[in-house]
Amino acid sequence: MTCLHLIQGASCIDLFCKLNNKALKQLILWLSFSLTFVSCQGRTSTEILQSNNSSTDPESETSYIAMGAERIEAYLPLLKDQRLALVVNPTSMVGKLHLVDTLLALGADIRKVFAPEHGFRGQTGAGELINDSLDKRTGLPITSIYGKNKKPSAAQLADVDMVLFDIQDVGTRFYTYISTMHYVMEACAEQGKTFVVLDRPNPNGMYIDGPVRQQGFRSFVGMHPIPILHGLTVGEMALMINGEKWLKNGVQCSLQVIEMKRYDHSKKYSLPIKPSPNLPNDLAIRLYPSLCLFEGTSVSVGRGTEAPFQHIGYPGYQDSSYSFTPRSIENAAKYPKHEDIKCFGIDFRKVGGPSGFSLKYLIEFYRSYPEKEQFFSGYFNQLAGNDRLQSKIKQGLSPSDIRKGWREELKEYRSIRKKYLLYADK
């Protein structure tokens, strides 16, 4: 097949026109490799492509962060003669094209999509199980790894040579996409498959804070002995998981990370697409590391409202000047805490809120809660990664006194983290 043949179909012409200048340059470079596996699919552009109105050449912008997925020339040669599975969701974009649509238009042999929490198209609420299905848009099989099994089986990987992971993370231990990545890496290691991470920024990557998860508290919201804010990209996290032999029985997978360009851990990054249904904007993402622990208490974090993780409250809060009422929202918060009951509390959209990790509001709400024995649920210790934090809050310790308990843990973690950094640190 020649390069001329590659641009005869309407979908391929549209692909070149719709991609931004950076992606176009990468495609031209890649075409020079004359990879024989590429063929256009004859699908119309309206089915697989979104319009791209950007006139800016990212290559000319020194501040532009090039995502791993956008570095087409760096990873498409790896896909030659490979049967692929993709772990992706709505954040898996190449410019304004989804990674799946981009690779399909280029003729990549995608056998299936593994769907994590919230699903491939992001249509499922937190904690709701995902079922196997067919994607209506592409016809690809959707294989759930957030249902009966969170780890791909040998049978599910039998027709696959390589797995690509491209999901936007938010940099906290309890955000489940890194747990999903762990299990997929483990399955790849056991079945002799290659695992490739297309790296993306960590919007909380400038922070390393919170207690390190302790032995005996391993769960899907705490797979690794890392702090709540770990300060790594998903690519760096994959390197750490592999390098520290945290996979079952110490196995290691064949791992490749496609790095970003012009990223470092001091850079603030505003996510163009919400990473999950209940993290709709930058404020929610910034507050999430501190507010998620409230999920293990009787306090609502605003699931079932228009501003999840941007306000907190419960029915008996003493200050009634601000209120909200959680409602059931399909595909976002089907059974929210305090459903249809008015809650009073704090609106961080008006008063601001902490960056990084803060214990201030957790301690304040515990102290003001009238029935303290009902404040914490069994889920709290899983989120905290230990039982010490709950105990110290109950003892009445201050935030600074509590922080002393994980100072040495963070020091040790930082020394491990340094071994796996791909980007400049603050």
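Visitor: Where do I start with the overall build of the chain in this structure?
Guide: Scanning the chain from terminus to terminus reveals 16 helices and 14 strands. A buried classification covers 57% of the 426 residues belonging to the chain. Considering only intrachain contacts with a sequence separation of at least 6, the fraction spanning at least 24 residues in the chain is 74%. Surface summary for the chain: the accessible area is close to 17300 Å², and the carbon and sulfur share equals 48%.

Visitor: Quick question: what am I supposed to make of the environment of H230 here?
Guide: Mapped onto the fold, H230 is located in the loop between β10 (227-229) and α9 (234-243). For H230, a relative accessible area of 0% translates into the label buried. Taking the C-alpha atoms as reference, H230 lies 8.5 Å from R417; in sequence the two are 187 residues apart. Filtering out sequence-adjacent residues up to four positions away, H230 remains in contact with D169, G171, T172, R173, I178, N202, Y207, I208, M237, Y413 and R417. A distance of 3.1 Å separates a polar atom in the side chain of H230 from the backbone nitrogen of L232.

Visitor: How should I be thinking about the sheet that holds strand β13 (residues 323-324) in this particular structure?
Guide: Adjacent strands of a sheet form backbone hydrogen bonds with each other and so pair up, either parallel or antiparallel. Read across the sheet, three strands follow the order β12-β14-β13 without closing on themselves; strand pairing throughout is antiparallel. In this open sheet, the two edge strands, each paired with only one partner strand, are β12 (311-314) and β13. Bridge analysis of β12 against strand β14 (residues 343-347) gives four bridges, and the strand direction is antiparallel. Across the sheet, residue Y314 finds its bridge partner in β14, namely F344. Sitting on the sheet, helix α12 (residues 360-368) is in contact with β12 and β14, with an inclination near 15° to β12.

Visitor: What is the right way to look at the sheet that holds strand β7 (residues 162-166) in this model?
Guide: Spatial strand order, β5-β6-β4-β1-β7-β8-β11: seven strands in an open sheet with mixed pairing. The two strands at the open ends of the sheet, each matched to only one other strand, are β5 (133-134) and β11 (254-258). Pairing between strand β4 (residues 109-115) and strand β6 (residues 141-144): three bridges, direction parallel. What sits directly across from F114, in β6, is T143.

Visitor: Which parts of the structure should I look at to understand unusual backbone geometry?
Guide: If a residue is not glycine, its phi is most likely negative; likewise, a peptide bond is most likely trans. Phi at N249 is positive, roughly 65°, even though this residue is not glycine. For N249, the position within the fold is in the loop between α9 and β11. Of note, F309 is a non-glycine position whose phi angle comes to about 60°, a positive value. Position of F309 relative to the elements: it lies in the loop between α10 (282-291) and β12.

Visitor: Looking at this structure, I do not really get the pattern of salt bridges. What am I missing?
Guide: Any two side chains of opposite charge can pair, on the condition that their charged atoms come close. For the structure on display, the rule yields 16 salt bridges. R71 is the salt-bridge partner of E73, the closest N and O atoms lying 4.0 Å from each other. Like R71, E73 is buried. Among the salt bridges present, the one from R349 reaches E306, with a minimum N-O distance of 3.3 Å. Here the residue R349 occupies a position in helix α11 (residues 348-351), and E306 occupies one in the loop between α10 and β12, the gap between them amounting to 43 residues. On the basis of relative accessibility, which here comes to 39%, the residue R349 falls in the partly exposed class. For E306, a relative accessible area of 60% translates into the label exposed. Each member of the salt-bridge network shares a partner with another, and the members are K151, E186 and E190.

Visitor: Could you clarify how one ought to interpret the packing of aromatic side chains in this entry?
Guide: Taken as a whole and assessed by the stated rule, the structure comprises 21 aromatic pairs. Measuring from centroid to centroid gives 5.3 Å for Y369 and F375, while their planes differ by 65°, and the two rings are edge-to-face. Across this residue pair, the class does not change: Y369 and F375 are buried. Taken together through their ring pairs, the aromatic side chains of F294, Y314, Y317, F365, Y366, Y369, F375, F376 and F380 make up a single cluster. Between the NZ or CZ atom of K150 and the centre of the ring of Y146, over which it lies, the distance is 5.0 Å. Between the NZ or CZ atom of K150 and the centre of the ring of F220, over which it lies, the distance is 5.1 Å.

Visitor: Even after reading the chapter, I still don't get helix α14 (residues 388-395), so can you show me in this structure?
Guide: Each α-helix winds once per 3.6 residues, and so residues spaced three or four apart point in a common direction. The set of residues buried in α14 consists of L389, Q390 and I393. Along α14, the residues classed as buried sweep out an arc of 100° about the axis, all on the same side. On the buried face of α14, the contacting elements are α12, α13 (379-384) and α15 (399-403). Of the residues one or two after α14, G396 is the one with positive phi, at around 90°.

Visitor: Explanation requested: the state of the cysteines in the structure shown.
Guide: Note: disulfide means a covalent bond formed between the sulfur atoms of two cysteine side chains. Across all of its chains, the model carries zero disulfides by this definition. Cysteine C188 is unpaired, with the sulfur of C253 as its nearest cysteine sulfur at 6.3 Å.

Visitor: How should the packing of helix α8 (residues 177-191) against α9 be read in this particular structure?
Guide: Closest axis-to-axis distance for the α8/α9 pair is 11 Å, and the angle between their directions is 45°. With respect to their mutual orientation, α8 and α9 come out oblique. In this structure, the crossing between α8 and α9 has a hand that is right-handed. Side by side, α8 and α9 meet where I178, M181, H182 and M185 of the first sit next to V234, M237, A238, I241 and N242 of the second. Taken together, the residues that form the contact of α8 with α9 break down as seven nonpolar, two polar and no charged.

Visitor: Would you mind showing me how to read the pairing of strand β8 (residues 194-198) here?
Guide: Sheet faces and side chains relate simply in a regular strand, where the side chains alternate between the two faces. Counting buried residues in β8 gives five out of five residues, a clear majority hidden from the surface. Neither face of β8 is exposed, since T194, V196 and L198 on one face and F195 and V197 on the opposite face are all buried. Pairing geometry for β7 and β8, over four bridges, is parallel. When the sheet's bridge partners are listed, M162 is paired in β8 with T194. Following the backbone out of β7, through α8 and into the adjacent parallel β8, one traces a crossover that is right-handed. Relative to β11, β8 is paired through five bridges, and the arrangement is parallel. What sits directly across from T194, in β11, is S254.

Parameters and conventions
- Residues numbered from 1 in each chain as written.
- Predicted model: local features only at pLDDT ≥ 70, side-chain atom pairs only at ≥ 80, totals over all residues.
- Heavy atoms only, no water.
- Helix = DSSP H or I, 4+ residues; strand = E, 2+ residues; numbered from the N terminus.
- Buried < 20%, exposed > 50% of the residue type's maximum accessible area, 1.4 Å probe, protein only.
- Contact = heavy atoms within 4.5 Å.
- Areas by Shrake-Rupley, 256 points an atom, 1.4 Å probe, with all protein chains shown as cover.
- Polar contact = N/O pair within 3.5 Å; in protein donor to acceptor, adjacent residues only side chain to side chain.
- Pairing = 2+ DSSP bridges.
- Axes fitted to C-alpha atoms, helices over the stretch in contact; angles between N-to-C directions.
- Salt bridge = Lys/Arg side-chain N within 4 Å of Asp/Glu carboxyl O.
- Phe/Tyr/Trp six-rings, centres within 6.5 Å; stacked < 30°, edge-to-face > 60°.
- Lys NZ or Arg CZ within 6 Å of the ring centre and 35° of its normal.
- Arc of directions from axis to C-beta.
- Disulfide = S-S within 2.5 Å.
- Parallel < 35°, antiparallel > 145°, perpendicular 65-115°, else oblique.
- Left-handed = near helix turned anticlockwise from the far one by under 90°.
- Nonpolar A, V, L, I, M, F, W, Y, C, P; charged D, E, K, R; others polar.
- Right-handed = clockwise from strand over helix to strand, strands pointing away.

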